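# Inside the fold
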Amino acid sequence: MASTPSTLLWGGRFTEGMSDVMVTFNESLPFDKALHEADIRGSITYAKALRQLDLLTDEELAKITSGLEAVEKEWADGKFVIHPAVDEDIHTANERRLAELIGPAIAGKLHTGRSRNEQIAIDMRLWARTQLDVLSEQLRAALAVCAARAKAEIDVLMPGYTHFQRAQPVRFSHWLLSHATYLMSDLQRLHGVRDRTNCCPLGVGALAGNPFGIDRTFLTKDLGFSSVHPNSLAAVADRDFVAEILQWSSLLMVHLSRLSEDLIIFSTAEFSFVRVADAFSTGSSLMPQKKNPDSLEVIRGKAGRVMGQASGFLSTLKSLPTAYNKDLQESVEPLLDCVKTVSHCLQIAAGVLSTLKIDPDKMKAALSTDMLATDVANYLVLKGIPFRQTHHIAGAIVSKAEQKGVSIAELELSDLKQISPQFEADIVDVFDFERSVERRSAKGGTSRSSVLDQISAIDAYLAGY
Ligand code: ARG
């Protein structure tokens, strides 16, 4: 047996120790030690609230506070010595160490009216709140790179694709901003997720509330939360914030994976629109010529990991009976891992984007005049012909050009007039990619002014937040 009942925090009613495999199976310290700072912070606040109730003296509060700070310093300095089989989780470990430092008589008062069920809930929320702020900064940095590049490279034209077939010319900036648009919505959504995470479950006991009349408004304010969790039964088992963070992350990762996929394709020799910097590429152990966009492939791959964590955790949450059940311990690892993954992916994405080399000539060379067939149809619309007809006429022109083995821009005016007498010499103006892009000047379009508007909107949002 690995543990004896007397050494365990809750060992009072037990006569036999736990089996070794049960100790390992049950313990969470190997991962929830990441929450050490939040756990200490929550305990210091709780001690202050106990003082207000005269459940601690000034002197006891001072001892508990400095003791907890000393424990935190041990964690921060990497000097905390874990006692295997005794330190079941971060709460137990911190309290055990506190008792060693200040003596069990005083340390033993800290847990008055409190439960580990609320402790883990508060620790996770405090930790998550800080991490969401870090992710927000990293997402903002990625967006700033998109906006800066979009501004600098606004002159570059490239094919726009639908069904992954060449469709209409667009600006490179417009393509980049299409991805930035998704990331902007992720940033906006993140604020909502943070607001809902920022709710205080401390002071609810194990499930049924605090019997000493603890001031939950004080706890909430002291920990910087914006609201008091309204129901004790719900508060101890509320992991909706974890579900939301995982789901938010999943959608963000979907967006990053789509950006990655585009860039992987654009970086192939067949496209050569972009080159991923060496700093974000790797070589092949077998083929000396290879340079692989591993950074982007790993982002694309990590999307699956995060989505798996989101759906896996919902499966854990589904059908759990009211209040705390140990299944909820399964919320910790996905949260920790997901935040780490997303943070890495955001930094890598920003790094890839800021160092990416683009090849405007290759992009231009990929533009073909058949991509202006819609412009031909629109030209005739402006001559008064209904679009449904002009679409057919433009189609006939594409097929005529194919028959003659030339591009539509190379057809003679007489060829065009044969198909529709409305064609005039000014049709040559249509066969110009820049003009085509500029013509789409309605909001959200490809013209310089529309693209600049999009950039300003991102800049304004980033500056205002
Ligand atoms: N490690 C536990 C968790 O992550 C802490 C709460 C334990 N509560 C309990 N009643 N055993 O959920």
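Please read these numbers as outputs of a predicted model, since none were measured by experiment.

## As for the nonpolar core
With 72 residues, the main nonpolar core has Leu256 and Leu263 as its most contacted residues. When contributions to this core are tallied by element, the ones reaching two or more residues are helix H7 (116–152), helix H8 (172–197), helix H11 (240–266), helix H12 (294–317), helix H13 (332–355) and helix H19 (448–464). Listed in part, the 31 residues of the second largest apolar core include Ala38, Leu56, Phe80 and Leu110.

## Here's the deal with the UniProt feature "domain: Fumarate lyase N-terminal" (unreviewed entry) in the chain
With numbering matched to this structure, UniProt assigns "domain: Fumarate lyase N-terminal" (unreviewed entry) to residues 12–308. Overall, residues 12–308 shows 61% helix and 8% strand. The separation of its end C-alpha atoms is 40 Å.

## Some words on the site of the ligand
Taken together, Ser28, Asp32, Asp89, His91, Arg116, Asn117, Ile120, Tyr324, Gln329 and Val332 are the residues near the ligand. Between the ligand and the protein, one listed contact pairs a nitrogen atom with a side-chain N or O atom of Asn117 at 2.9 Å. Across the complex, the protein chains shield 87% of the 340 Å² of accessible surface that the ligand would expose by itself. Residue contributions to the shell around the ligand peak at three residues, all from H7. Per-class residue counts for the shell around the ligand are three nonpolar, four polar and three charged.

## Remarks on the pattern of salt bridges
Under the counting rule described, the total for this entry stands at 31 salt bridges. The salt bridge partner of Arg439 is Asp375, with a shortest N-O separation of 2.8 Å. Pair noted here: Arg439 is in helix H18 (residues 433–439) and Asp375 is in helix H15 (residues 373–381), with a separation of 64 residues, a long-range link. Take Asp375: its relative accessible area is 6%, and that puts it in the buried class.

## A word on helix H5 (residues 90–102)
The end-to-end C-alpha distance of H5 is 18 Å, a good match for the 18 Å that 13 residues give at a rise of 1.5 Å each. Judged by how many residues are buried, H5 sits mostly within the fold: ten of 13 residues are covered. Along H5, the residues that are buried comprise Ile90, His91, Thr92, Ala93, Asn94, Glu95, Arg96, Arg97, Leu98 and Ile102. In this structure, the buried side of H5 is in contact with helix H2 (29–32), helix H3 (36–52), helix H4 (58–76), helix H6 (104–107) and H7. Among the residues trailing H5, Gly103 stands out with phi positive, at a value near 90°.

## Some points on H4
It helps to recall that an α-helix has 3.6 residues per turn; residues three or four apart then point in one direction. For H4, spanning 19 residues, the distance from its first C-alpha to its last is 27 Å, which sits close to the expected 27 Å at 1.5 Å a residue. Glu60, Leu61, Ile64, Thr65, Gly67, Leu68, Val71, Glu72, Glu74 and Trp75 are the residues of H4 that are buried. For H4, the secondary structure elements touched by its buried residues are H2, H3, H5 and H6. At the exit of H4 stands Gly78, carrying a positive phi of roughly 70°.

## Quick notes on the packing of H12 against H13
Angle between the axes and distance between the axes are the two parameters that describe a pair of packed helices. It is the contact of H12 with H13, at a shortest axis distance of 10 Å, that shows an interaxial angle of 155°. The orientation of H12 relative to H13 falls into the category roughly antiparallel. When the axes of H12 and H13 are compared, the crossing they make is left-handed. Residue-level inspection shows Ser295, Leu296, Ile299, Lys302, Arg305, Val306 and Gln309 of H12 in contact with H13, the latter providing Pro334, Asp337, Cys338, Thr341, Cys345, Ile348, Ala349 and Val352. For the contact of H12 with H13, the per-class residue count stands at nine nonpolar, three polar and three charged.

## Structural notes on unusual backbone geometry
The backbone phi angle of His163 is positive, close to 55°, even though this residue is not glycine. Within the secondary structure, His163 is located in the loop between strand S1 (157–162) and strand S2 (165–171). One non-glycine residue, Ala323, lies in positive phi territory at about 65°. Here Ala323 shows up in the loop between H12 and H13.

## Structural notes on the pairing of S1
Relative to S2, S1 is paired through six bridges, and the arrangement is antiparallel. The partner of Leu157 across the bridge, within S2, is Arg171. Joining the antiparallel neighbours S1 and S2 is a turn of two residues, in which His163 adopts a positive phi near 55°.

Parameters and conventions
- Residues numbered from 1 in each chain as written.
- Predicted model: local features only at pLDDT ≥ 70, side-chain atom pairs only at ≥ 80, totals over all residues.
- Heavy atoms only, no water.
- Core = buried A, V, L, I, M, F, W, Y, C linked by side-chain atoms within 4.5 Å.
- Buried < 20%, exposed > 50% of the residue type's maximum accessible area, 1.4 Å probe, protein only.
- Helix = DSSP H or I, 4+ residues; strand = E, 2+ residues; numbered from the N terminus.
- UniProt positions renumbered as here; feature names shortened; annotations may be inferred.
- Near = heavy atom within 4 Å.
- Polar contact = N/O pair within 3.5 Å; in protein donor to acceptor, adjacent residues only side chain to side chain.
- Areas by Shrake-Rupley, 256 points an atom, 1.4 Å probe, with all protein chains shown as cover.
- Nonpolar A, V, L, I, M, F, W, Y, C, P; charged D, E, K, R; others polar.
- Salt bridge = Lys/Arg side-chain N within 4 Å of Asp/Glu carboxyl O.
- Expected span 1.5 Å × (residues − 1).
- Contact = heavy atoms within 4.5 Å.
- Axes fitted to C-alpha atoms, helices over the stretch in contact; angles between N-to-C directions.
- Parallel < 35°, antiparallel > 145°, perpendicular 65-115°, else oblique.
- Left-handed = near helix turned anticlockwise from the far one by under 90°.
- Pairing = 2+ DSSP bridges.

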